Amino acid sequence: ANALSSLQSNGSIKLLQTSFLRTTAPMYVTDQPKFLNGAVQVETSLPPFELLSAIKQVENDLGRDLSGNSQRYGPRPVDLDILLYD
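Residues numbered from 1 in each chain as written. Predicted model: local features only at pLDDT ≥ 70, side-chain atom pairs only at ≥ 80, totals over all residues. Heavy atoms only, no water.

Q: Would you explain unusual backbone geometry in this entry?
A: Backbone phi values are negative for most residues with the exception of glycine, while trans is the configuration of most peptide bonds. Even without being glycine, Y28 reaches a positive phi, approximately 70°. Among the structural elements, Y28 can be located in the loop between strand 2 (22-24) and strand 3 (35-37). Unusually for a residue other than glycine, Y73 sits at a positive phi of about 65°. Positionally, Y73 belongs in the segment after helix 2 (48-61). (Helix = DSSP H or I, 4+ residues; strand = E, 2+ residues; numbered from the N terminus.)

Q: Even after reading the chapter, I still don't get a nonpolar patch on the surface, so can you show me in this structure?
A: Taken together, the side chains of F49, L52, I82 and Y85 define a hydrophobic patch exposed on the protein surface, amounting to about 410 Å² of accessible area. Residue position: L52 is located in helix 2. (Patch = residues over 30% accessible without salt bridge, like charges linked within 9 Å, V, L, I, M, F, W, Y side chains within 5 Å. Areas by Shrake-Rupley, 256 points an atom, 1.4 Å probe, with all protein chains shown as cover. Salt bridge = Lys/Arg side-chain N within 4 Å of Asp/Glu carboxyl O.)

See the structure below:
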């Protein structure tokens, strides 16, 4: 919920729909907690790279290490992705 609130806080991203949440086992690095997965549909006036920048800022604000020093596929507090931009 914090990620969604943060995404909408700049006024350029509007939440349209949310999926159900699903818990899944981690892959590759399996000695970590299960993942909580979901998807959202948003509407935005931002171009793709500005949207990506906004998403990365939210991840950073929520504690994700974006420095490149974290373990690939390892534990992370949040992971936001753009699946489709149309």
